[in-house]
Amino acid sequence: MNISIDISMYPLHKDFEKPIIAFIKTLRESSFRVEENGLSTQIFGPYEEVMAFVNSNIHSSLLNEKNCVFILKIVTDDRSQHAPDY
């Protein structure tokens, strides 16, 4: 099963941009499709593989950041090619 994950990271300190950029760069280096916009980053691929990768990288970020919030939305489909028809 393929999935799409929408990820938002919120480090709760003044120098919040550095950990966000580092996290996004790690996602970019993966073999998964990654898309970014000004509010979140999306990653697409097989459930087991993407979840293991995202879990590992969120865990690393949480160990490095004193206070950090992640918000994830997981959809059971690869929505990378979705085109609204409304």
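About the cut-offs
- Residues numbered from 1 in each chain as written.
- Predicted model: local features only at pLDDT ≥ 70, side-chain atom pairs only at ≥ 80, totals over all residues.
- Heavy atoms only, no water.
- Buried < 20%, exposed > 50% of the residue type's maximum accessible area, 1.4 Å probe, protein only.
- Helix = DSSP H or I, 4+ residues; strand = E, 2+ residues; numbered from the N terminus.
- Pairing = 2+ DSSP bridges.
- Expected span 1.5 Å × (residues − 1).
- Arc of directions from axis to C-beta.
- Contact = heavy atoms within 4.5 Å.

Asker: For the pairing of strand 1 (residues 2-11), give the residues involved together with the corresponding values.
Answerer: With respect to burial, strand 1 is a largely interior element, eight of its ten residues being buried. Pairing geometry for strand 1 and strand 3 (residues 41-46), over six bridges, is antiparallel. Counted as the bridge partner of N2 is P46 from strand 3. With eight bridges joining them, strand 1 and strand 4 (residues 68-75) adopt antiparallel strand pairing. What sits directly across from Y10, in strand 4, is V69.

Asker: Describe helix 1 (residues 17-28), with residues and values.
Answerer: Taking 1.5 Å of rise per residue, the twelve residues of helix 1 would be expected to cover 16 Å, and the 16 Å separating its terminal C-alpha atoms lies within 8% of that figure. Within helix 1 the residues assigned to the buried category are P19, F23, I24 and L27. Summarising the axial view, the buried residues of helix 1 lie within an arc of 135°, below the 170-degree limit, and thus occupy one face. In helix 1, the exposed positions that point more than 90 degrees away from the buried face belong to E17 and K18. Buried residues belonging to helix 1 abut strand 1, strand 2 (33-36), strand 3, helix 2 (47-64) and strand 4.

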